[in-house]
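# Remarks on the overall topology
Chain by chain, the residues run as shown.
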Amino acid sequence: MQALFPTRIVILFSILAGVWGCVTNPVTGKNELGFISTEAQIDIGRKNYIPAQQMQGGQYKVDADLSEYVTSVGKKLATHSGIDLPYEFVVLNNSVPNAWAMPGGKIAVNRGLLTELTNEAELAAVIGHEITHAAARHGAQGIERGVLLQGAMIAAAIGTRNQEYAGAMLGGAQLAAGLVTQKFGRDAERESDYYGTQFMAKAGYDPEAAVTLQKMFVRLSDGKRSDWLQGLFASHPASQERVENNRARVAELRAQGYTGGELGADRYQRAIARIRQDAPAYAAYDSARKALQEKSVDAALKEVDKAIALQPNEAQFYGLKGDIRRLQDKHADAVRLYGQAIQRDDAFFSYLLGRGVSRAELKQRAPAKEDFTASLKLLPTAVAYNELGKIAEADGNQDEAVRYYAAASKARDQTGQTALASLLRLDLPRQPARYVKSELINDGSGKLFLRVSNGTPAALSGVQVRVALRWAAAGDETFTVDVPALPAGQAVVREIPLRKDSLVAGEATTVAAHTR
Ligand SMILES: [Zn+2]
């Protein structure tokens, strides 16, 4: 039964089969206690990078040169990080000003942050800070301290509000969400500012940009812009202290001879020209999303059409228009729009998932199945598993349907509930013992008890248990115990009357159970 309803704790601890020991921090050179090796960190990053990108809008694709540019800046800094991690850098298609780093050197910068920066040195300050989080084991320390668990739960809750499907993120995806919304604590942040500024100076940038960047943050945080509050400021509160610390750090670096660094303002402005020019298109897209959340469908359609007219190469715009048409039950139109999105970006789960749902509505089961399967490779969602379960059931593949419903039932949202109901409807009559555990307990006082426990979160009725006993003198005896009602997750205990004869062996098996 356990396998059907695992907790998040299981997910975490299965990854971290390490032992506490002394590890040398590659950035600070200090020895510290830890149990997550560099190899384990690289593994965590490798497994979680794609799902984390997917739940935050996917990669920005309209101007492929932009990602290459950010990567080139990142690589220059990474060579000074003190550890040769498999660093990777991506630009996420997300208007929220934010950046994050995962263990193992997997880093992301949002499109919405790039348009706020003024020069390449400020970008270097952001990336240098994030590289330090990865290189100095800050993510690993968070996992070791157990704070990530909380982060993963919060992230799952945030996901529910922001992304229609991400609410039902499953398994490893929850860990990915926790990793990118993790708060590292003040000491780690100070360390990242300190070493990040050093990396940028060593890479040939003017470290003064770390000061102007923090000043900009302080200015913006006074303005209380909600996109900043849910983005970078959620994990990195701006403060005058950070400005002052960076100022002191720059003075130190100047004294060490780092005086000729460059800002790279022109180069930076050239690199972000496309996203700067497209800012009105993304603003229209963002207000279309907001309108849709507020159920103003007509306003959403108007805004998204405006976005498409301004930048017809952006997949996200067609994807959102597909979502709108799907919600209006215009499934043929939705399928066409998702197709246009996929033509422009075939590596974002949401377009595939949306098209799958609309195709399923149109009874196109085989192509819908392909879409759901492809979406799962990018991000595991309960919706995709549940829909695959429905398709398998309609195709008469009961075992396959049970597997998909079981996967979807792990989500703690409406889809998870629906999938659980389907799972129990299909599988409970076939395999009652899988869900209702029956055992005989000899308590040592000469009494025998039968314990029947409901391992499902659903109330059950009509539970029947077959009890087989073997007596020394009287031989085999078989009888059935009825449990008319068994509440969700609970157990009942019944006393089994003993004979004067002595009991040799006994066995209890659940043979019937129904959902109420
Ligand atoms: Zn930070």
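What counts as what
Residues numbered from 1 in each chain as written. Predicted model: local features only at pLDDT ≥ 70, side-chain atom pairs only at ≥ 80, totals over all residues. Helix = DSSP H or I, 4+ residues; strand = E, 2+ residues; numbered from the N terminus. Buried ≥ 20, exposed ≤ 12 C-beta atoms within 10 Å, placed from the backbone. Contact = placed C-beta atoms within 7 Å. Core = buried A, V, L, I, M, F, W, Y, C linked by C-beta atoms within 7 Å. pLDDT = per-residue confidence, 0-100. Pairing = 2+ DSSP bridges. Axes fitted to C-alpha atoms, helices over the stretch in contact; angles between N-to-C directions. Expected span 1.5 Å × (residues − 1). Arc of directions from axis to C-beta.

For the rest of this paragraph, the subject is the overall build of the chain. Looking only at helices and strands, the chain features 25 helices and 11 strands. For the C-alpha atoms alone, the extent of the chain along its principal axes is close to 100 × 60 × 35 Å. Counting across all 516 residues of the chain, residues that qualify as buried make up 48%. When contacts within the chain are restricted to residue pairs at least 6 apart in sequence, those whose partners lie at least 24 apart make up 67%.

A few words on the nonpolar core. L77, A124, I131, M200, Y285 and V304 are the most contacted members of the largest nonpolar core, which has 130 residues in total. Counting residues per element, this core draws most heavily on helix 5 (residues 120–135), at nine residues. Look past the residues within four positions of L77 in its chain and what remains in contact with it is A124, I127, G128, I131, F199, M200 and A203.

This brings us to the confidence of the model for the chain. Close inspection of predicted coordinates is inappropriate in any region flagged by low pLDDT. The pLDDT averaged across the chain works out to 89; a share of 91% of its residues lies at or above 70. The low-confidence segment residues 1–17 (pLDDT under 50) makes 22 contacts with residues lying over four places distant or belonging to another chain. Contacts for the low-pLDDT stretch residues 153–168, under 50 throughout, to residues beyond four places or in other chains number 29 contacts.

A word on the sheet that holds strand 10 (residues 491–496). In space, the three strands of this open sheet follow the order 6-7-10, with antiparallel pairing throughout. The two strands at the open ends of the sheet, each matched to only one other strand, are strand 6 (436–442) and strand 10. This sheet shows a mean twist of 20° between the axes of neighbouring strands, independent of strand direction. The pairing of strand 6 with strand 7 (residues 448–454) spans seven bridges and is antiparallel. Pairing of L440 across the sheet is with L450, part of strand 7.

Side chains of residues three or four places apart in an α-helix project in the same direction, reflecting 3.6 residues per turn. Helix length check: helix 16 (residues 279–293) (15 residues) gives 21 Å between terminal C-alpha atoms against 21 Å at 1.5 Å per residue, within 8%. Within helix 16, the full set of buried residues consists of A281, Y282, A284, Y285, A288 and L292. Taken end-on, helix 16 shows its buried residues confined to a sector of 155°, consistent with a single buried face. In helix 16, the exposed positions angled more than 90 degrees off the buried face are occupied by P280 and Q293. Following helix 16 by one or two positions, K295 has its phi on the positive side, about 65°.

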